Amino acid sequence: MSGAQLAADPRLHDFGSAVDVRGRVGGAAEEAAALLLDDPEAWGAFSRPCPRDKHMVESSVMIDGITCSACAITIERALGAMPGVQQVDVSAASRRATVVWSPDAVQPSQWMGEIRRVGYRPLPANDSSARAARLQESRTMLWRWLVAGLCMMQVMMYAYPAYVAKPGDLSAESEHLLRWASWVLSLPVILFSCGPFFRSALRDLVQRRISMDLPVAIALLITFAVSTAGTFEPQGIFGREVFFDSLTMFVFFLLTGRWLELRLRDRTAGALEAMVNRMPEAVHRRRADGSFEAVAVRRLAVGDVVQVLAGEAIPADGVIITGSTTVDQSLLTGESHPVRRDTGAQVVAGSYNLSGTITVQVERTGAQTRFAAIVALVHSAATARPRLAQLADRIAKPFLLFVLLAAALSALYWWSQGESHALMVAVAVLIVTCPCALSLATPTAMLASAGSLARAGVMVRRLQALESLAQVDTVVFDKTGTLTHDRQQVADMQLRAGADRQQVLAMAAALARQSLHPVSRAIVAAAEAASPAPAPSGWVVHGLQERAGEGIAGELRYTGSDDAPRHLRLGRADFCGMPERDAQAEAGQTHLCDAAGWLASFTLTQALREDASETVAALLAQGLTVHMLSGDTQEAAEQVGAKLGMSSVQAGCTPDAKLAFLRAQQRAGHRVAMVGDGLNDAPVLAGADVSFAMGRATPLAQSQADFVVLGGQLLRVTQTLQLARRTMRIVRQNLGWALAYNMACIPLAVVGWIPAWLAGLGMAGSSLLVVANAVRLAGDLKPDEA
């Protein structure tokens, strides 16, 4: 049975269903699910060729059931031990995993099965079931919170008489009845609302590990067991007092914090999720008879024709063959305004069709699209763990062991004062010292910043780069394509006396159209801009000759004319046979000559990017040192540097010279950020402390950069630097608060000054404060900010 046939099976309507079937049933259905997951034609839905090794595959999956960093470490260790799995990165904050694996040694059904074996549920990150699972998780969490809140209010009402009654006011029978009513109302809290804590703790015990839910589950069980014993045996050792009110209040506070944390975490990663989930699940593909059929996006092939209605996302890179519209590609390029696209125009996957129905011929699909490359950057950012987060994760596990030991010692110390009191002190220690806030402190802030940058058209490849960027004191720019546009333009034109400007420009353009050289394209663009009508096409070129780096020559005859053909040369002065003009030539000049000699000279310049001056000025105002490196001539580089107010300009730089300059700055103690876009920038981008690649950079340059500026707006570099500094301030605030909270509350809990309900409130409030502080970063950058 093929993957396509399996995809039509109603039991396996998407990959999430295949994963579920694989994990929950046996026999033929499980075999069918495994075949679907292992079909190479279907891997494009959640995988791509690994950029570092084309023999490997890189897959992204959402993982349901992750509650803390210990869960992420467990999954990484389990998959890392499998033959054929080369690399695993799991983020507890985003609940995403990136798995690099060899198709020759292992299959998706096997490593996804291993994730299930250790107690978690994998879902392909680009699948609709992943989004449905997140929505279902939020709804279930809300229901658990509502049940806990309702039961808490009722239990508090029944507990109130015991707190205010004077001796003799409340009979033993009435007190016993109130305890039974509280016990009954606590059952839904224990059996339903506390379900996630117990499942996670049981999974930890089975796997012989410790996570943050284990102390919480122990505390809940101790409190319920002690209170139940006091209810069933009022005269027993635990019959003096019950703690159902503390139990339900603690669960309510804890679920309040977790639910709000879930909502806030989804908000911080909102832009990343929006980027990944832009693609439709199905598209309308044209049949041979001209009608349209609905097919899955992953079934599209190059050459297919699809219909895109207004309001739908464009499913693949292609060209419009009928219709015209405006498209929104803000999340792909950072451009906030809709862009007009007519018949014959290129459109990119992931952009939205806003106004009209169009038909598009597919040119690139799946991993070959620009959208897929951007999604890969998103997944890289979402699964990366910054250095500070890794440090917090390493601290968390021994801290949890300390928590368990402190709780046990506290119970032993207070046992002589009463068994119930001793156990409740241990419960308070278990709850109040849970290091949830410590583990959330760094990743939530980093993801909030990554989401804000994604909305503004800056993709983060490495979250660790935000920490490095905050420490930068030197910024190095490449010139061509970074500070300037990669295209040249004709700034001035000198003519032989008596020559007609329009005719000379038309002849030069006719010759230049035969070449792909940037100078040739600039002359063609100048001719088209100078002509009110479409560029002249009457000149026909014969006998074309082009010499790389020198120029182009040919005979031109005007269509319909009986005049003799004109032999023209376009290029350097020596190529045109005019060495005497070398001394007079300005930097960036190209010449045109005919049989009579010199005919015209074109002075070409590279236009500065519109925001280049503002960007450099902003960096200098912040106290940073700014350098420019260029492979161009000293004169051309200094002209650009003077316009931008840059005093440090290095010209004639080879890739090795650029890297040597960078190394010298680093040896001098500077932290260097590099901004570039060309193929020759890849070594220096890789060698910098942190690096930016512009949106039209070569794939190699983008692969070496930490940040990719999709829209090519240089101001985003300055804004990213400012946001990185603020991010690290918030990370330090979060870590400081988390550590201060735990250090202050541990002794208070040990001496019995913090009851269980207050410990629950403190734990939930601490985690919520950390997440809320990080969310302040989520709205810092807007697409229109300048």
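## Quick look at the overall build of the protein
Alright, step 1. Secondary structure summary: the protein contains 27 helices and 27 strands in total.
Alright, step 2. Looking at the 786 residues of the protein, the share that counts as buried comes to 53%.
Alright, step 3. Taking contacts inside the protein between residues at least 6 apart in sequence as the whole, the part at least 24 apart equals 67%.
Alright, step 4. Approximately 33400 Å² of the protein is accessible, and the part contributed by carbon and sulfur atoms is 57%.

## So, the side chain of D594
Alright, step 1. Its place among the elements puts D594 in strand 21 (residues 589-594).
Alright, step 2. Polar side-chain contacts of D594 include one of 2.9 Å to the side chain of R566.
Alright, step 3. Within the structure, D594 has its side chain in polar contact with the backbone nitrogen of A596 (distance 3.0 Å).
Alright, step 4. Excluding residues that lie within four positions of it along the chain, D594 makes contacts with R496, R566, H567, L568 and L599.

## Topic: the pairing of strand 4 (residues 96-101)
Two faces, one strand: in a regular strand the side chains alternate between the faces of the sheet.
Alright, step 1. Strand 4 sits mainly inside the fold: six of its six residues count as buried.
Alright, step 2. Pairing of strand 2 (residues 57-64) with strand 4 involves six bridges; the strand directions are antiparallel. Bridge pairing in strand 4 places S59 opposite V99.
Alright, step 3. Sheet analysis places strand 3 (residues 85-91) next to strand 4, joined by six bridges and oriented antiparallel. Its bridge partner lying in strand 4, D89 is registered against T98.

## Let's talk about the pattern of salt bridges
Alright, step 1. For the structure shown, the criterion picks out 12 salt bridges.
Alright, step 2. For E293, the salt bridge is made with R287, and the minimal N-O distance between the two is 3.7 Å.
Alright, step 3. Across the salt bridge formed by D574 and R572, the nearest N and O atoms sit 3.0 Å from each other.
Alright, step 4. Look at D574 and you get partly exposed, because its relative accessible area is 41%.
Alright, step 5. Residues participating in the shared-partner salt-bridge network are R285, R287, E293 and D304.

## Let's talk about the sheet that holds strand 6 (residues 282-286)
Backbone-to-backbone hydrogen bonds pair the strands of a sheet. The strands run either parallel or antiparallel.
Alright, step 1. As summarised here, the arrangement of the six strands in space is 7-6-8-14-9-12, forming an open sheet in which the pairing is antiparallel. The open sheet terminates on both sides in strands that have one partner only, identified here as strand 7 (292-296) and strand 12 (346-347).

## Regarding the sheet that holds strand 10 (residues 325-328)
Alright, step 1. Reading across from one edge, 11-10-13 is the order of the three strands in this open sheet, with antiparallel pairing throughout. One side of each edge strand has no neighbouring strand; the edge strands of this open sheet are strand 11 (339-341) and strand 13 (352-353).
Alright, step 2. Relative to strand 13, strand 10 is paired through two bridges, and the arrangement is antiparallel. Along strand 13, the bridge assignment pairs D328 with Y352.

## Re the packing of helix 9 (residues 213-232) against helix 15 (residues 419-432)
Alright, step 1. The contact between helix 9 and helix 15 brings their axes to 9 Å, and the two run at 155°. Taken together, the axis directions place helix 9 and helix 15 in an arrangement best described as roughly antiparallel. Read as a crossing pair, helix 9 and helix 15 show a hand that is left-handed. Taking contact as the criterion, the partners of P215, I218, A219, I222, T223 and V226 in helix 9 are, on helix 15, S420, L423, M424, V427, L430 and I431.
Alright, step 2. Grouping the amino acids of the contact of helix 9 with helix 15 by side-chain chemistry returns 10 nonpolar, two polar and no charged.

## Quick word on the packing of aromatic side chains
Alright, step 1. Tallying each qualifying case throughout the model produces 11 aromatic pairs.
Alright, step 2. For the ring pair W183 and F232, a centre distance of 5.5 Å and an interplane angle of 85° mean the geometry is edge-to-face. Of this pair, W183 sits in helix 7 (residues 172-193) while F232 sits in helix 9, placing them 49 residues apart in sequence.
Alright, step 3. Here F232 falls in the partly exposed class, since its relative accessible area comes to 45%.

## A look at the side chain of S200
Alright, step 1. Locating S200 in the fold gives a position in helix 8 (residues 195-206).
Alright, step 2. If sequence neighbours within four positions are ignored, S200 has contacts with T67, S211 and D213.

## Regarding the confidence of the model for the protein
Alright, step 1. Predicted confidence across the protein gives a mean pLDDT of 79, with 81% of residues reaching 70 or more.
Alright, step 2. Residue range residues 21-27 is modelled with pLDDT below 50. Its contacts to residues more than four positions away, or to other chains, number 13 contacts.
Alright, step 3. With pLDDT under 50 throughout, residues 782-786 is counted as low confidence; its partners more than four residues away or in other chains account for 16 contacts.

## A closer look at the nonpolar core
If you look at soluble globular proteins, the nonpolar side chains tend to sit buried side by side.
Alright, step 1. In this structure, C194, V216, L220, V251 and I431 are the most contacted members of the largest nonpolar core, which totals 58 residues.
Alright, step 2. For this core, the element with the most residues is helix 10 (residues 244-268), which contributes 10 residues.
Alright, step 3. Among the nonpolar cores identified, the runner-up in size contains 53 residues, and A448, V475, F477 and F692 belong to it.

## Considerations on a nonpolar patch on the surface
Alright, step 1. Residues L142, W143, L146 and F192 make up a contiguous nonpolar surface patch of about 380 Å² in total accessible area.
Alright, step 2. Top element by residues in the nonpolar patch is helix 6 (residues 128-164). It accounts for three residues.
Alright, step 3. Mapped onto the elements, W143 comes out in helix 6.
Alright, step 4. For W143, a relative accessible area of 57% corresponds to the exposed category.

## Concerning the environment of N773
Alright, step 1. With respect to the helices and strands, the residue N773 is situated in helix 27 (residues 756-775).
Alright, step 2. Residues contacting N773, with those up to four places away along its chain left out, are I730, Q733 and N734.
Alright, step 3. A distance of 3.2 Å separates a polar atom in the side chain of N773 from a polar atom in the side chain of Q733.

## Describing helix 19 (residues 501-512)
Alright, step 1. Taking 1.5 Å as the rise per residue, helix 19 with 12 residues should run 16 Å; its terminal C-alpha atoms sit 16 Å apart, in good agreement.
Alright, step 2. Burial analysis of helix 19 places nine of its 12 residues in the buried class, the great majority of the element.
Alright, step 3. By the burial criterion, the buried members of helix 19 are V504, L505, A506, M507, A508, A509, A510, L511 and A512.
Alright, step 4. In this structure D500 caps helix 19, since a side-chain oxygen of it lies 3.3 Å from the backbone nitrogen of Q502.

## Observations regarding the packing of helix 7 against helix 8
Alright, step 1. Where helix 7 meets helix 8, the axes come as close as 5 Å, and the angle between the chain directions of the two elements is 50°. Viewed along their axes, helix 7 and helix 8 adopt a mutual orientation that is oblique. Across the interface between the two elements, I190, F192 and S193 from helix 7 touch G195, P196, F197 and F198 from helix 8.
Alright, step 2. Residue classes in the contact of helix 7 with helix 8 are distributed as five nonpolar, two polar and no charged.

## Side note on the environment of V684
Alright, step 1. If you trace the backbone, V684 turns up in helix 24 (residues 682-687).
Alright, step 2. Along the sequence, V684 and A705 sit 21 residues apart, while their C-alpha atoms lie 9.7 Å from each other.

## Observations concerning the environment of D594
Alright, step 1. On the accessibility criterion, D594 (12% relative accessible area) is buried.
Alright, step 2. Expressed as a C-alpha distance, the spacing of D594 and L568, which sit 26 residues apart in the sequence, is 4.6 Å.

Reading the values: the criteria
- Residues numbered from 1 in each chain as written.
- Predicted model: local features only at pLDDT ≥ 70, side-chain atom pairs only at ≥ 80, totals over all residues.
- Heavy atoms only, no water.
- Helix = DSSP H or I, 4+ residues; strand = E, 2+ residues; numbered from the N terminus.
- Buried < 20%, exposed > 50% of the residue type's maximum accessible area, 1.4 Å probe, protein only.
- Contact = heavy atoms within 4.5 Å.
- Areas by Shrake-Rupley, 256 points an atom, 1.4 Å probe, with all protein chains shown as cover.
- Polar contact = N/O pair within 3.5 Å; in protein donor to acceptor, adjacent residues only side chain to side chain.
- Pairing = 2+ DSSP bridges.
- Salt bridge = Lys/Arg side-chain N within 4 Å of Asp/Glu carboxyl O.
- Axes fitted to C-alpha atoms, helices over the stretch in contact; angles between N-to-C directions.
- Parallel < 35°, antiparallel > 145°, perpendicular 65-115°, else oblique.
- Left-handed = near helix turned anticlockwise from the far one by under 90°.
- Nonpolar A, V, L, I, M, F, W, Y, C, P; charged D, E, K, R; others polar.
- Phe/Tyr/Trp six-rings, centres within 6.5 Å; stacked < 30°, edge-to-face > 60°.
- pLDDT = per-residue confidence, 0-100.
- Core = buried A, V, L, I, M, F, W, Y, C linked by side-chain atoms within 4.5 Å.
- Patch = residues over 30% accessible without salt bridge, like charges linked within 9 Å, V, L, I, M, F, W, Y side chains within 5 Å.
- Expected span 1.5 Å × (residues − 1).

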